[in-house]
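# Architecture at a glance
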Amino acid sequence: MRTASSITRPVALTSAHALPILFAALLGVVLIAGAGFASTPALHNAAHDQRHSIGFPCH
Amino acid sequence: MHLFRNIVFIAALVGLGAGLVLTVLQHFGTQPLIVQAEVFEQANAAKAEAAPHEHPAGAAEHHHDEAAWEPADGAERFGWTLVANIVAGVGFALLLVAASELKGGLTSWREGLLWGLAGFLVFTLAPSVGLPPEAPGVEGAPLMDRQIWWVATAIATAAGLALIVYGRSPLTAVAAVALIAAPHVIGAPQPSEPPAIPHALEHGFVVAVIVTGFLFWATLGTLAGALRNRFVEA
């Protein structure tokens, strides 16, 4: 990472950084949606106490 | 690809740690209240079930929740709560670490803690203003409406905070305040019935969720800052 950033120009850096950051954030959204928002009964029941305890809308 | 891998690696460790802490906090904070509230919830459900109710024609697929799988009380239920907490913890950690990488990455645990406090404002406090955390037995407005309002409020609050911190002109500050206030001016979807559990229990649950949420986010942010810092030095 260090070597790459010393070679690459700053302008290229931002666009090269934006995509992996975006994908990491999307992965986060998918995990949160699965744990907190998916309505599949089995998922809902497994995560039931967690949904109430984090303050996600439940039921 | 290095950056993606690093973010996921840090977020996985942070989410695991914060999820474990959250589970311990919930075990003593919110879980006893959920169990208490479920006694009322089940009594009310039994009452409703006993009352004659008609299934409309063509509703052959109508089924009651009891038919679906649910974890058995005890270790199984605790285990799934732990899993769900870690999954949500890793998800929130991914958002926090990814967002902070946009600003060059966290440089200390203290900076991480500040980001964690922002996470608390965005994902716990702001949604709770309109949709107070509900113990079982508190019937809300239709679920989809509440989920939409919850997500929209989190996004508006996050955007507003970002504008306050990184905006350069008074105009962006005004826009930020408007963004943060908007979901509450529009108003959250409200339930049609009063809660079916005692008021003290309902209130105690709201406080327990907000306090555990605060400690969860403080842990998550601090861990993220400390780990990210170590990672870069190594």
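In every chain, residue numbers begin from 1 and rise along the written sequence. Numbering of ligands from 1 and lettering of chains from A proceed in the order in which they are written. In keeping with the model being predicted, local features are shown solely for residues with a pLDDT of at least 70 and side-chain atom pairs are shown and tallied solely at 80 or more, while totals for entire chains, interfaces and linings include all residues.

## Some remarks on helix α2 (residues 31–50) of chain B
The cut-off we apply is this: A helix here means a DSSP run of H or I that spans at least four residues, while a strand means a run of E at least two residues long, and both kinds are numbered starting from the N terminus. For a helix, the expected span equals 1.5 Å multiplied by the number of residues minus one. With C-beta atoms placed from the backbone, the exposure class of a residue follows from how many other C-beta atoms lie within 10 Å of its own: 20 or more, buried; 12 or fewer, exposed; in between, partly exposed.
Spanning 20 residues, α2(B) covers 28 Å between terminal C-alpha atoms, matching the ideal 28 Å at 1.5 Å per step. Every buried residue of α2(B) is accounted for by Leu33(B), Ile34(B) and Ala37(B).

## Here's the deal with the domain arrangement of chain B
Residues and elements named next belong to chain B. Here is the rule: Note that the domain bounds were set by an automatic or database domain assignment. Contacts are defined on C-beta atoms placed from the backbone: any two residues whose C-beta positions lie within 7 Å are in contact. Side-chain classes follow a simple rule in which Ala, Val, Leu, Ile, Met, Phe, Trp, Tyr, Cys and Pro form the nonpolar group, Asp, Glu, Lys and Arg form the charged group, and the remainder, Gly included, forms the polar group.
Entries for chain B in the domain assignment read domain 1 (1–49 + 74–139 + 199–234) and domain 2 (141–190). Look at where the C-alpha atoms of domain 1 and domain 2 centre, and you get two points 20 Å apart. Contacts between domain 1 and domain 2 engage 9 residues on the former and 12 residues on the latter. When the residues that make up the side of domain 1 that touches domain 2 are grouped by side-chain class, the tally is 8 nonpolar, 1 polar and no charged.

## Here we look at the environment of Leu201(B)
Residue and element names in this part refer to chain B. Inspection of the secondary structure puts Leu201 in helix α7 (residues 199–233). When the C-alpha positions of Leu201 and Leu33 are compared, they lie 7.0 Å apart, and in sequence the two are 168 residues distant. Not counting residues within four places of it along the chain, the set of residues in contact with Leu201 comprises Leu33, Gln36, Ala37 and Ala135.

## Regarding helix α6 (residues 170–186) of chain B
Residue and element names in this part refer to chain B. Where we set the bar: What we call the bend at a residue is the angle made by axes fitted to the seven residues finishing there and the seven residues starting there.
Helix length check: α6 (17 residues) gives 24 Å between terminal C-alpha atoms against 24 Å at 1.5 Å per residue, within 8%. If you look at α6, its biggest bend is around 35°, right at Ile180, and the proline Pro183 turns up within four residues after that. Where the residues of α6 are buried, they touch α4 (109–130) and α5 (143–166). Just downstream of α6 lies Gly187, where phi reads positive at about 95°.

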